[in-house]
Amino acid sequence: MQSGLAATVRAAQEGDTMAMNALVDELMPYVGRICNGIALGNGEDAAQDALIAILRSLRQLREPEALRPWARRIATREAVRTAKRQRGDAGRPPETVAAPDRTDLGVEIRDQLERMDPEQRAVLVLRDLEGLSEQEAAEVLNVAQGTVKSRLHRARARFRREWMA
């Protein structure tokens, strides 16, 4: 991290409003990408919750150079939490209406992701979008590496199976 950003983090930790605004501007695209991938339609809500949590907890960040990994952990947690609330955590995916003439590949992919558990989406986002290793994803999700491996395997298998159906 550049020393300028580390200085901005330190200033924000001391209550500098301009520095806090600069951090929000810096983190919004990053946090938004993570939250949109996991919470899907409620990604903006999850990103807002994550940014609020980041700013509230900023004084607890001991190493300003670790801002992005620390923010990633908070964003992932908030996105999973939001996605579970969206589903009512009933254990079944939200009902979707199929559009027979739909040709947009992005919509098709989003439909597949909506059918997955938030925890599986989180693993896919962290591994396939963010490029984290299994160990790094396990640390972000606060689960064992084997759990990440099995969730990732199930998520990818389900995605392929339903894509081919």
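For the structure itself, consult the block above.
Here the structure is a predicted model, which is why all the values come from computation and not from measurement.

Caption draft 1: Examining the overall build of the chain more closely. When you go through the chain residue by residue, the secondary structure sums to eight helices and zero strands. Going residue by residue from the N terminus, the α and β elements of the chain occur as α-α-α-α-α-α-α-α. Taking all 165 residues of the chain together, 39% fall into the buried category. Look at the contacts in the chain between residues 6 or more apart in sequence, and 65% of them connect residues 24 or more apart.

Caption draft 2: Local environment of the packing of aromatic side chains. Going through the model one piece at a time under the given rule, you end up with zero aromatic pairs. Here the guanidinium or amino end of Arg68 rests over the ring plane of Tyr30, the centre of that ring lying 4.5 Å away.

Caption draft 3: Expanded view of the pattern of salt bridges. On inspection of all chains with the given rule, the structure shows eight salt bridges. Across the pair Arg85 and Asp49 runs a salt bridge, and its minimum N-O distance is 3.5 Å. With a gap of 36 residues between them, Arg85 in helix H4 (residues 67–87) and Asp49 in helix H3 (residues 43–57) connect regions that are remote in the sequence. With a relative accessible area of 27%, Asp49 lands in the partly exposed category.

Cut-off values and rules
- Residues numbered from 1 in each chain as written.
- Predicted model: local features only at pLDDT ≥ 70, side-chain atom pairs only at ≥ 80, totals over all residues.
- Heavy atoms only, no water.
- Helix = DSSP H or I, 4+ residues; strand = E, 2+ residues; numbered from the N terminus.
- Buried < 20%, exposed > 50% of the residue type's maximum accessible area, 1.4 Å probe, protein only.
- Contact = heavy atoms within 4.5 Å.
- Phe/Tyr/Trp six-rings, centres within 6.5 Å; stacked < 30°, edge-to-face > 60°.
- Lys NZ or Arg CZ within 6 Å of the ring centre and 35° of its normal.
- Salt bridge = Lys/Arg side-chain N within 4 Å of Asp/Glu carboxyl O.

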